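Here are the chains, one letter per residue:
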Amino acid sequence: MSDEVSIAAGAVLRVSNLKKIYGDFLAVRGLSFELAPGQILAMVGPNGAGKTTTMRAVCGILTPTEGTITLCGHDLATDPVAAKARLAYVPDDPKLFDAMTIWEHLEFIAAAYGVVDWQPKAERLLEMFELTPKRKALAMELSRGMRQKVAIACAYLHSPAIIFLDEPLTGLDPIGIRTMK
């Protein structure tokens with residue numbers, strides 16, 4: 001079944017009875033939800049409520065204690081590569097490769113995801129996030145907000161079915177916030 005068929009048939013994301021326990025601490029308790037194509041899901045709650053833990057589990061960064069996660073018809077536990085290929089994750093404080101330029105980050109992501117003819121889209125993303133003049137700047141030279149913009153541009157480059165943004169507006173200037181919205 002192709003991704004287009006499975007997405008059209010229902011949810012791009014299904015989380016069923018997600019539970020995450022750290023030692024004696026229950027971080028996520030039996031969470032279930034579905035996300036249809038085009039829907040936006042916001043997780044709101046106080047610090048320590050399990051929002052980031054949930055996102056990291058859904059992205060395959062953390063292994064759930066219990067539950068199932070399906071991305072575009074691919075079970076994260078049994079088909080992790082195919083499932084992860086359909087998503088992008090931008091953490092609240094993205095870690096970039098210090099010795100790589102902004103353009104090299106985009107080139108790296110294109111190679112990692114097998115994106116062909118990626119340069120025109122990368123150019124549009126640079127322009128959209130006002131990164132064009134800094135395209136040759138090393139990541140170590142960038143402000144926190146600029147690093148955030150690079151991470152977001154990289155996330156969009158491979159056209160994922162799902163993008164997870166953990167506090168995406170942190171560090172962005174007003175124009176960057178408008179662009180994200």
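Our structure is the block above this text.
Note that this is a predicted model, so its numbers are computed, not measured.

1. Describing helix α5 (residues 119-128)
Next, step 1: Restricting attention to buried positions, one finds in α5 the residues Ala122, Leu125 and Leu126. Down the axis of α5, the buried side of the element spans an arc of 100 degrees, and every buried residue falls inside it. Opposite the buried face of α5, by more than 90 degrees, sit the exposed residues Arg124 and Glu127.
Next, step 2: Looking at the buried positions of α5, the neighbouring elements they touch are α4 (102-113) and α6 (144-157).
Next, step 3: In the segment just after α5, Glu130 is the residue with positive phi, at about 55 degrees.

2. With respect to the sheet that holds strand β1 (residues 13-22)
Next, step 1: The strand order β2-β1-β3-β4 describes an open sheet built from 4 strands, whose pairing is antiparallel. Taken across any chain shown, the strands that pair with only one partner, and hence form the sheet edges, are β2 (25-35) and β4 (74-75).

3. Quick look at the packing of aromatic side chains
Next, step 1: Inspection of every chain in the model, using the stated rule, returns 2 aromatic pairs.
Next, step 2: The interplanar angle of 75 degrees and the centroid separation of 5.5 Å between the aromatic rings of Phe97 and Phe108 together place this pair among those described as edge-to-face. Taken together, the positions of Phe97 in the loop between β5 (87-90) and α4 and Phe108 in helix α4 put the pair 11 residues apart, joining distant regions of the chain.
Next, step 3: On the accessibility criterion, Phe97 (44% relative accessible area) is partly exposed.
Next, step 4: Ring geometry for Trp103 against Trp118: centres 5.0 Å apart, planes inclined by 40 degrees, an arrangement best described as tilted. Taken as a pair, Trp103 in helix α4 and Trp118 in the loop between α4 and α5 lie far apart in primary sequence, 15 residues in all.

4. Side note on the pairing of β2
Next, step 1: Pairing between β1 and β2: 7 bridges, direction antiparallel. Considered in β2, the bridge of Val15 is made with Phe33.

5. Re the packing of α5 against α6
Next, step 1: Across the interface, α5 lies against α6 with an axial gap of 10 Å and an inter-helix angle of 145 degrees. The hand of the α5/α6 crossing is right-handed. Along its contact with α5, which presents Lys121, Ala122 and Leu125, the element α6 presents Ala153, Tyr156 and Leu157.
Next, step 2: Grouping the constituent residues of the contact of α5 with α6 by class yields 5 nonpolar, no polar and 1 charged.

6. Topic: the nonpolar core
Next, step 1: Leu106, Trp118, Phe129, Leu131, Val150 and Leu157 are the most contacted members of the largest nonpolar core, which has 27 residues in total.
Next, step 2: Within the residue set of this core, elements represented by two or more residues are β5, α4, α5 and α6.
Next, step 3: Considering each element in turn, this core owes the most residues, 8 residues, to α6.
Next, step 4: Residues within four places of Val150 in sequence aside, it is in contact with Leu96, Ile102, His105, Leu131 and Leu142.
Next, step 5: Core analysis: the next-biggest nonpolar cluster, separate from the first, contains 21 residues, Cys59, Leu76, Tyr89 and Ile162 among them.

7. What to know about the environment of Ala11
Next, step 1: For Ala11, the location among the structural elements is in the loop between α1 (3-8) and β1.
Next, step 2: On a C-alpha basis, the gap between Ala11 and Met43 in space is 18 Å, while along the polypeptide they are 32 residues apart.

8. Things to note about the pattern of salt bridges
Next, step 1: Applying the stated criterion across every chain, the model contains 6 salt bridges.
Next, step 2: Among the ionic pairs, Arg14 bridges to Glu34, the shortest N-O distance being 2.9 Å. In this pair, Arg14 sits in strand β1 while Glu34 sits in strand β2, placing the two residues 20 residues apart along the sequence.
Next, step 3: What makes Arg14 partly exposed here is its relative accessible area of 37%.

9. Considerations on the environment of Pro80
Next, step 1: With respect to the helices and strands, the residue Pro80 is situated in helix α3 (residues 80-85).
Next, step 2: Residue classification places Pro80 among the partly exposed positions, given a relative accessible area of 32%.
Next, step 3: For Pro80 and Gly171, which are 91 residues apart along the polypeptide, the C-alpha to C-alpha distance reads 31 Å.

Cut-offs used in this document
Residues numbered from 1 in each chain as written. Predicted model: local features only at pLDDT ≥ 70, side-chain atom pairs only at ≥ 80, totals over all residues. Heavy atoms only, no water. Buried < 20%, exposed > 50% of the residue type's maximum accessible area, 1.4 Å probe, protein only. Helix = DSSP H or I, 4+ residues; strand = E, 2+ residues; numbered from the N terminus. Arc of directions from axis to C-beta. Contact = heavy atoms within 4.5 Å. Pairing = 2+ DSSP bridges. Phe/Tyr/Trp six-rings, centres within 6.5 Å; stacked < 30°, edge-to-face > 60°. Axes fitted to C-alpha atoms, helices over the stretch in contact; angles between N-to-C directions. Left-handed = near helix turned anticlockwise from the far one by under 90°. Nonpolar A, V, L, I, M, F, W, Y, C, P; charged D, E, K, R; others polar. Core = buried A, V, L, I, M, F, W, Y, C linked by side-chain atoms within 4.5 Å. Salt bridge = Lys/Arg side-chain N within 4 Å of Asp/Glu carboxyl O.

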